[in-house]
Amino acid sequence: MLYYCIFAPMNEADISTVRSLLSKAHNIVIVPHKNPDGDAIGASLGLFHFLILKELKVKVIVPNDYPKFLKWMPGNDEILNFEKENAQAIAALEKADLIFTLDFNDFSRTGQLEPILQNSSVDFVMIDHHQQPADYATVTYSDVAMSSTCEMVYNFIEYLGENDTISKDIASCLYAGIMTDTGSFKFSSTTSRTHRVVADLIDKGADNMQIHQEVFDTNSANRLHLLGIALKNMVILGQYNTAYITLTQAELDMQDFKKGDTEGFVNYGLTIENIKFAAIFIENKDEGIIKISFRSTGDFSVNEFARDHFNGGGHTNAAGGKSNSSMEGTVEKFIGLLPQYQKKLTV
Ligand code: 5GP
Ligand code: MN
């Protein structure tokens, strides 16, 4: 079925440019954002399998490591980690004549890869659903209304008229990314179209129950203990309909913190009645920063909040940022900002 008459952010000119770029490309690289999440890995591997089926040479390069609960995806072992396999990754980037950038809107989201991408003169294709896309790509497929970059990769394949080539591997990766980026199909960006895409992915072989288990039912006891600490630390600021959580490095260390262990913790704040704004502050002593995640419901834009005050960004209802101050200083700044948003948070 063709949907691009209704959902048409890629126009005919874009599609034919992509076709011509693919026909000329000898070495393609796919890059997702730093600290890649389910959508970033799912979209990268989904696109990887699609391009491999077209007999193209493709490498996925992630800026750094990602959680274990994403490492079951088909093609995972082919991924080059820029931090761990630096020489191989650099060689692949030097050879590349076409780079797909997935699930981010600006090179600054790629950590150590930023200067390399910035100085590259090859063609870029951006597929992304974050706000304020930068203008570096030959083809920019950006749609902030989309649930996930994985849904966009599905559309991208459909735009090329190749829906029939979607294999079980492609379907599994894209399903995983849509599932994680929509909070299991519950965020407001989840449309009837999202469900149609997901239904088609299941028809094409994605095992929805198994994927759900791989991602959500592979907790360690330490992670659940850490969740217990996070929930105990939660502070409710009723007058601002706001809840926040802190986790210090010492608390993380106590539970033998592994990457991804705090994924989703911030959402618990929003499960409290009337809470519209939730934040989590996580100390990272190695990087000397406090990493922050923001979530909201309704019109309150955490993208703007993160951009304006915490050097970050994201989406209207899910964003992130960072602070170079101490935990106390960061939380103090956060609380100090709330009065100016009281009206927006209490309507
Ligand atoms: P999370 O809180 O799950 O890390 O991220 C939520 C959303 O905000 C994601 O879409 C992510 O890409 C974006 N995001 C997280 N951290 C940052 C950041 O430091 N800068 C920007 N621009 N976006 C971020
Ligand atoms: Mn995403």
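Because the structure is predicted, anything quoted here is derived from the model rather than measured.

Thresholds, definitions, all that
Residues numbered from 1 in each chain as written. Chains lettered and ligands numbered in written order. Predicted model: local features only at pLDDT ≥ 70, side-chain atom pairs only at ≥ 80, totals over all residues. Heavy atoms only, no water. 1 Å grid on protein atoms, 1.4 Å probe; cavity = no way out; pocket = protein on both sides within 12 Å on 5 of 7 lines; lining within 4 Å. Points joined across faces, edges and corners; volume = space filled by probe spheres on them. Helix = DSSP H or I, 4+ residues; strand = E, 2+ residues; numbered from the N terminus. Near = heavy atom within 4 Å. Polar contact = N/O pair within 3.5 Å; in protein donor to acceptor, adjacent residues only side chain to side chain. Areas by Shrake-Rupley, 256 points an atom, 1.4 Å probe, with all protein chains shown as cover. Nonpolar A, V, L, I, M, F, W, Y, C, P; charged D, E, K, R; others polar. Pairing = 2+ DSSP bridges. Contact = heavy atoms within 4.5 Å. Axes fitted to C-alpha atoms, helices over the stretch in contact; angles between N-to-C directions. Phe/Tyr/Trp six-rings, centres within 6.5 Å; stacked < 30°, edge-to-face > 60°. Buried < 20%, exposed > 50% of the residue type's maximum accessible area, 1.4 Å probe, protein only. Lys NZ or Arg CZ within 6 Å of the ring centre and 35° of its normal.

Novice: What is the right way to look at the layout of surface pockets in this model?
Specialist: Rolled over the atoms, a probe as big as a water molecule pinpoints where empty space is left. Looking at the second largest pocket, its volume works out to about 180 Å³. Along the walls of the second largest pocket sit Asn-27, Ile-28, Val-29, Lys-57, Val-58, Lys-59, Leu-80, Gln-88, Ala-91, Ala-92, Lys-95 and Ala-96, which together make up its complete lining. Broken down by secondary-structure element, the contributors of at least two residues to the lining of the second largest pocket are strand S1 (27–32), strand S2 (57–62) and helix H3 (86–95). Top contributing element to the lining of the second largest pocket by residue count: H3, with 4 residues.

Novice: Please explain the site of ligand 1 as it appears in this structure.
Specialist: Around ligand 1, 14 residues are found, and the nearest of them are Arg-109, His-130, Lys-291, Ser-293 and Arg-295. Note that an oxygen atom of ligand 1 is positioned 2.8 Å from one of the side-chain N or O atoms of Arg-295. Within the backbone of Gly-320, one N or O atom sits 3.3 Å away from an oxygen atom of ligand 1. About the coverage of ligand 1: the protein hides 81% of its 490 Å² of free accessible area. Elements supplying a minimum of two residues to the shell around ligand 1: strand S10 (289–296), strand S11 (313–314) and strand S12 (318–323). In terms of residues, the shell around ligand 1 owes the most to one element, S12, which gives 5 residues. Considered class by class, the residues forming the shell around ligand 1 number 2 nonpolar, 8 polar and 4 charged.

Novice: Help me understand the sheet that holds strand S5 (residues 123–128), please; the structure alone is not making it clear to me.
Specialist: Within a beta sheet, neighbouring strands are joined by backbone hydrogen bonds and run either parallel or antiparallel to one another. Pairing is parallel in the open sheet, where 6 strands are placed in the order S3-S2-S1-S4-S5-S6. The strands lining the two open edges of the sheet, one partner per strand, are strand S3 (80–81) and strand S6 (139–142). Note: S2 against S3, 2 bridges, orientation parallel. Within S3, the residue paired with Val-62 across the bridge is Asn-81. Sitting on the sheet, helix H5 (residues 149–159) touches strand S4 (98–102), S5 and S6, and the angle it makes with S5 is about 120°.

Novice: Can you help me understand the packing of aromatic side chains in this one?
Specialist: In this description, a pair of aromatic rings is defined by centroid distance and the angle of the planes. Scanning all chains against the criterion turns up 21 aromatic pairs. Aromatic pair Phe-277 and Phe-294: ring centres 5.9 Å apart, planes at 35°, arrangement tilted. Residue Phe-277 is located in strand S9 (residues 277–284), and its partner Phe-294 is located in strand S10; the two are separated by 17 residues in the primary sequence. For the residue pair Phe-277 and Phe-294, the accessibility class agrees, reading buried in each case. Ring centres of Phe-294 and Phe-334 lie 6.2 Å apart, and the angle between their planes is 25°; on these two criteria the pair is classed as stacked. With Phe-294 in strand S10 and Phe-334 in helix H13 (residues 327–337), this residue pair connects regions lying 40 residues apart in the sequence. Here Phe-294 falls in the buried class, since its relative accessible area comes to 0%. Taking relative accessible area as the criterion, Phe-334 reaches 0% and is therefore assigned buried. Three or more aromatic residues link up through ring pairs in this structure, and these residues are Tyr-244, Phe-277, Phe-281, Phe-294, Phe-300, Phe-305, Phe-310, Phe-334 and Tyr-341. Geometry around Tyr-66 places Lys-71 over its ring, the cationic atom sitting 5.0 Å from the centre. The positively charged end of Lys-333 is found above the aromatic ring belonging to Phe-310, 4.5 Å away from the centroid.

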